[in-house]
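Secondary and tertiary structure notes
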Amino acid sequence: MTGLETRQAVGFTTVDRMGVLVVTLDRPPANALSRPVIRDLAILFAELGEMREAPPVVITGQGDRFFCAGGDIKELEGAAKQELDARMREFHALLVAMDRYPRPVIGAINGHCVGGGMEVALFADTVLAVQGARFGFPEINHGLLPADKGIQRATRLLGARAARKLLLSGDLFDVERALEIGLVDVLADPAELVDAAVASARLAGAKAPVLYGALKRSLNDPDDARDETFLQRTLASAAEYFDDPVARGLRDSWNGSRSRGGKG
């Protein structure tokens, strides 16, 4: 999956907006991240990052209710532990690819942005969001955990106290709180969200690529050994909670509520 061609992948589309690649999560009803979506997004960012002229990227969601409701935990129903292990490896790879992407990444948050979606937003350089968007890490209430790399990013960007409260409570919060803690940079009109994000990406993309990339490396401070530590901690935690009866009960209850029409 290379280049700036307009294309439909499994669960997302890419459109070239005059040199800015707009990636739209498109997996109704909640744009949840399935394993194929996670895997293909990781490949996309990794391959684009190797291009001589890597484009600025905008990532948004289809519809007006969800940016991304996080991982599709229904995939874990009846799955072996190896499925969760592979899933967490692939999601870690996506966060690493976004972390190391040398060009601007702009998040255009068009609705609920929770769990894995929240982690994706944390790896954007600038985040625009609409009124009514909601954010959070609800994993503790659903029998799961975020990726360790996402946890560390939240702590680093939002501050230890704010990250601790969000992660340990699982509570969702509104866009005003997201602006206050620095998760969101700009409040945008829904009708203008993607256009505004593209304009932001284009403005940032006009900076000298070699300088922009060098500054991102210094700011993000990528480190292979540290990323391996984050991955191994993620996998160890997943092994502990996969068969834990309390965590499994929370997942089963959450899946059941969604099957009965609960929100994603």
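Being a predicted model, the structure only gives us computed values, none of them experimental.

Conventions used here
- Residues numbered from 1 in each chain as written.
- Predicted model: local features only at pLDDT ≥ 70, side-chain atom pairs only at ≥ 80, totals over all residues.
- Heavy atoms only, no water.
- Helix = DSSP H or I, 4+ residues; strand = E, 2+ residues; numbered from the N terminus.
- Buried < 20%, exposed > 50% of the residue type's maximum accessible area, 1.4 Å probe, protein only.
- Axes fitted to C-alpha atoms, helices over the stretch in contact; angles between N-to-C directions.
- Parallel < 35°, antiparallel > 145°, perpendicular 65-115°, else oblique.
- Contact = heavy atoms within 4.5 Å.
- Nonpolar A, V, L, I, M, F, W, Y, C, P; charged D, E, K, R; others polar.
- Polar contact = N/O pair within 3.5 Å; in protein donor to acceptor, adjacent residues only side chain to side chain.
- Pairing = 2+ DSSP bridges.
- Salt bridge = Lys/Arg side-chain N within 4 Å of Asp/Glu carboxyl O.

**Section: unusual backbone geometry**
Each neighbour pair has its own omega, and for Pro28 with Pro29 the value is 5 degrees, a cis peptide bond. The phi dihedral of Asp221 falls on the positive side, at around 50 degrees, and the residue is not glycine. Looking at where Asp221 falls in the secondary structure, it is placed in the loop between helix H8 (209–220) and helix H9 (224–242). For Asp221, a relative accessible area of 39% puts it in the partly exposed group.

**Here we look at the packing of helix H4 (residues 148–158) against helix H5 (residues 160–169)**
In the contact formed by H4 and H5, the axes pass within 6 Å of each other and the chain directions differ by 135 degrees. By the angle between their directions, the pair H4 and H5 is classed as oblique. Facing H4, whose interface residues are Ile151, Ala154, Thr155 and Leu158, H5 presents Ala160, Ala162, Ala163, Leu166 and Leu167. By residue class, the composition of the contact of H4 with H5 is eight nonpolar, one polar and no charged.

**Some details on the side chain of Arg35**
Tracing the sequence through the fold places Arg35 in helix H1 (residues 35–49). Here Glu83 takes part through its side chain, which lies 3.1 Å from a polar atom of the side chain of Arg35. Looking at Arg35, its side chain comes within polar contact range of the side chain of Glu90, at 2.7 Å. The residues contacting Arg35, other than those within four sequence positions of it, are Glu75, Glu83, Ala86, Arg87 and Glu90.

**Looking at the sheet that holds strand S9 (residues 134–136)**
Strand order in this open sheet of four strands is S5-S7-S9-S10, and the pairing throughout is mixed. One side of each edge strand has no neighbouring strand; the edge strands of this open sheet are strand S5 (66–68) and strand S10 (172–174). Across the sheet, the mean angle from the axis of one strand to that of its neighbour is 20 degrees, orientation sign disregarded. For S5 and strand S7 (residues 112–114), the ladder comprises two bridges, and the chain directions are parallel.

**Some points on the pattern of salt bridges**
Pairs can form between side chains of opposite charge once their charged atoms are near each other. Within the structure shown, the criterion is met by 17 salt bridges. Taking the shortest distance from any N to any O, the salt bridge between Arg100 and Asp227 comes out at 2.8 Å. On the criterion of sequence distance, the pair formed by Arg100 in the loop between helix H2 (81–99) and strand S6 (105–109) and Asp227 in helix H9 is long-range, its members being 127 residues apart. By relative accessible area, which is 35% here, Arg100 ends up partly exposed. One continuous salt-bridge network, built from bridges that share partners, spans Asp99, Arg100, Lys149, Arg153, Asp224 and Asp227.

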